[in-house]
Amino acid sequence: MEGFESIFHAVVMLFREIVEKPAAIILEIISLPYNSAELDELALIGAPVILLTGVYEDREVIDRLKWAAVLRRPFTIGQVVSTVEFLVLSF
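In this report, the structure presented in the accompanying data block is examined.

Conventions used here
- Residues numbered from 1 in each chain as written.
- Predicted model: local features only at pLDDT ≥ 70, side-chain atom pairs only at ≥ 80, totals over all residues.
- Heavy atoms only, no water.
- Helix = DSSP H or I, 4+ residues; strand = E, 2+ residues; numbered from the N terminus.
- Rg over C-alpha atoms; globule rule 2.2 N^0.38 Å.
- Buried < 20%, exposed > 50% of the residue type's maximum accessible area, 1.4 Å probe, protein only.
- Contact = heavy atoms within 4.5 Å.
- Areas by Shrake-Rupley, 256 points an atom, 1.4 Å probe, with all protein chains shown as cover.
- Lys, Arg positive; Asp, Glu negative; His and termini not counted.
- Charge placed at Lys NZ, Arg CZ, Asp CG, Glu CD.
- Arc of directions from axis to C-beta.
- Pairing = 2+ DSSP bridges.
- Axes fitted to C-alpha atoms, helices over the stretch in contact; angles between N-to-C directions.
- Salt bridge = Lys/Arg side-chain N within 4 Å of Asp/Glu carboxyl O.
- Core = buried A, V, L, I, M, F, W, Y, C linked by side-chain atoms within 4.5 Å.

From N to C terminus, the protein includes 4 helices and 3 strands. Taking 12 Å as the expected radius of gyration for a compact globule of 91 residues, we find that the protein reaches 13 Å, a close match to that expectation. The principal-axis extents of the C-alpha atoms in the protein amount to approximately 35 × 30 × 20 Å. Looking at the protein as a whole, 35% of its 91 residues are labelled buried. A fraction of 47% describes how many contacts in the protein between residues 6 or more apart in sequence connect residues 24 or more apart. Taken as a whole, the protein presents about 6100 Å² of accessible surface, with 57% of it coming from carbon and sulfur. Counting 7 positive and 13 negative side-chain charges, the protein places the centres of these two groups 5 Å from one another.

And the structure:
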């Protein structure tokens, strides 16, 4: 399991193959600075991306890409774990 402080850092590390390709990516979008190009590049990594959002998150971000799953607050850690397990087993 790897954690990254920004989408840019994750994309650089994954495309340079410095870290192993993940079975799934969990992206917490609230208060995370990002740009559209970074989201597009993240989608090219080839792993299912689970988007964690707030209740009032910008629809443009959510609708921009085809996410493997979108979990809106409030959600439980159990729901995140179940979503990851389902996606990893079916992807």
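Attention shifts here to helix H2 (residues 36-43). For H2, every residue scored as buried is listed here: Glu38, Leu39 and Leu42. In an axial view of H2, the angular spread of the buried residues amounts to 100°, which keeps them on one side of the axis.

What follows is about the sheet that holds strand E1 (residues 25-28). The strand order E1-E2-E3 describes an open sheet built from 3 strands, whose pairing is parallel. Only two strands of the sheet have a single neighbouring strand rather than two, namely E1 and strand E3 (69-72). Strand-to-strand twist of the sheet, defined as the mean angle between neighbouring strand axes without regard to direction, takes the value 20°. Where E1 and strand E2 (residues 49-53) come together, 4 bridges link them in parallel fashion. If you follow leucine 27 over to E2, its bridge partner there is leucine 51.

A word on the pattern of salt bridges. Under the counting rule described, the total for this entry stands at 1 salt bridge. For arginine 73, the salt bridge is made with glutamate 28, and the minimal N-O distance between the two is 2.6 Å. Linking arginine 73 in the loop between E3 and helix H4 (77-90) with glutamate 28 in strand E1, this pair joins segments that are 45 residues apart in sequence. A residue is classified by how much of its surface remains accessible, and arginine 73, at 32% relative accessible area, is partly exposed. Residue class for glutamate 28 comes out partly exposed when judged on its relative accessible area of 29%.

Membership of the largest hydrophobic core comes to 17 residues, with the highest contact counts inside it found for Leu27, Leu42 and Trp67. Taken together, the elements giving at least two residues each to this core come down to helix H1 (7-15), E1, H2 and E2. Counting residues per element, this core draws most heavily on H1, which supplies 4 residues. In this structure, Leu52, Ala69, Val80 and Leu87 belong to the second largest nonpolar core, which totals 6 residues.

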